[in-house]
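# Report on the structure
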Amino acid sequence: MKDLIDVLERVEKILYELRVRPENAIIIVEGRKDVEALHSLDIGGDILKIQDSRKSVFAAVEDLAARGKEVYILTDWDRKGGQLASLLRNALKANDIPYNDSVRTELSKLCKSEIKDVESLPSYIALLKSRIYGQ
């Protein structure tokens, strides 16, 4: 039980970090369902759906550079999401854009045995709470 409480507290801390991120920071996710999941967790602000972008990853990153954005990489932690995160890191480095991928890394470590994507976070948190509190 203590382990579940620790996982829930750590996930909640990560989500809080996303809620209070700097105003010039944008979260990059893969698609619409990821945005909806973040909104359901009260995470708002600037969120870019990279898969829905009509631009290539590099063109989207160049646009972010022109707008002076800092980036939180929050792609899924499956193989495809990992490849996209790597592509984003390379493009962001090439454009001297500060980025944070530690949120994605931490969520992956905490949740990988149960879920593999951002869109599943709300149900995962509900599952943890039901296991802990019996709701």
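In this text the structure is predicted, and so the values were computed from the model without any measurement.

About the criteria used
- Residues numbered from 1 in each chain as written.
- Predicted model: local features only at pLDDT ≥ 70, side-chain atom pairs only at ≥ 80, totals over all residues.
- Heavy atoms only, no water.
- Helix = DSSP H or I, 4+ residues; strand = E, 2+ residues; numbered from the N terminus.
- Buried < 20%, exposed > 50% of the residue type's maximum accessible area, 1.4 Å probe, protein only.
- Core = buried A, V, L, I, M, F, W, Y, C linked by side-chain atoms within 4.5 Å.
- Contact = heavy atoms within 4.5 Å.
- Pairing = 2+ DSSP bridges.
- Right-handed = clockwise from strand over helix to strand, strands pointing away.
- pLDDT = per-residue confidence, 0-100.
- Axes fitted to C-alpha atoms, helices over the stretch in contact; angles between N-to-C directions.
- Salt bridge = Lys/Arg side-chain N within 4 Å of Asp/Glu carboxyl O.
- Polar contact = N/O pair within 3.5 Å; in protein donor to acceptor, adjacent residues only side chain to side chain.

## Observations concerning the environment of Leu-127
Within the fold, Leu-127 resides in helix H6 (residues 121-133). On the basis of relative accessible area, Leu-127 is assigned to the partly exposed category, the value being 31%. In this structure, the C-alpha to C-alpha distance between Leu-127 and Val-11, residues 116 residues apart in sequence, is 13 Å.

## Quick look at the nonpolar core
If you look at the biggest cluster of nonpolar residues, it comprises 28 residues, and the most contacted ones within it are Val-11, Ile-27, Leu-74, Leu-107 and Cys-111. Every element with two or more residues in this core is listed here: helix H1 (2-19), strand S1 (25-29), helix H2 (32-40), helix H5 (102-111) and H6. Ignoring any residue separated from it by four or fewer positions in sequence, one finds Leu-107 in contact with Val-11, Ile-14, Leu-74, Trp-77, Lys-112 and Leu-121. One finds Ile-28, Val-71, Ala-85 and Leu-88 within the second-largest nonpolar core, a separate group that totals 15 residues.

## With respect to the pairing of strand S3 (residues 70-73)
In this structure, S1 lies alongside S3, joined through four bridges in parallel fashion. Each bridged residue has a counterpart across the sheet, and for Ile-26 the counterpart in S3 is Val-71. Pairing analysis gives two bridges linking S3 to strand S4 (residues 99-100), with the strands arranged parallel. The residue bridging Val-71 from the neighbouring strand is Tyr-99, located in S4. Chirality of the crossover, the property in question, places the unit of S3, helix H4 (residues 79-94) and S4 among those that are right-handed.

## Topic: the confidence of the model for the protein chain
Close inspection of predicted coordinates is inappropriate in any region flagged by low pLDDT. Summarising the model, the protein chain shows a mean pLDDT of 92, and 96% of its residues fall at 70 or more. The weakest mean pLDDT in the protein chain belongs to helix H3 (residues 57-66) at 87; the strongest belongs to H2 at 97.

## Remarks on the sheet that holds strand S2 (residues 47-49)
On the basis of which strands lie adjacent, the open sheet formed by four strands has the order S2-S1-S3-S4 and parallel pairing. Two strands bound the open sheet, and with one partner strand each, they are S2 and S4. Packed on one face of the sheet, H2 meets S1 and S2 and runs near 155° to S2.

## Here's the deal with the pattern of salt bridges
Scanning the model with the defined rule gives eleven salt bridges in all. For Arg-67, the salt bridge is made with Asp-46, and the minimal N-O distance between the two is 3.4 Å. Taken together, the residues span a long stretch of sequence, with Arg-67 in the loop between H3 and S3 and Asp-46 in the loop between H2 and S2 at a distance of 21 residues. The exposure class assigned to Arg-67 is partly exposed, which follows from its relative accessible area of 42%. One salt bridge in this structure joins Asp-46 and Lys-69, with 2.9 Å as the shortest N-O distance. Here Lys-69 lies in the loop between H3 and S3 and Asp-46 lies in the loop between H2 and S2, a separation of 23 residues in the sequence. A relative accessible area of 28% means that Asp-46 is categorised as partly exposed. In the salt-bridge network here, residues are joined through shared partners; they are Asp-6, Arg-10, Glu-106 and Lys-109.

## What to know about the side chain of Thr-75
As for its position among the elements, Thr-75 is in the loop between S3 and H4. The class of Thr-75 is buried, set by a relative accessible area of 0%. In this structure the side chain of Thr-75 is engaged in a polar contact, spanning 2.9 Å, whose partner is the backbone oxygen of Gly-81.

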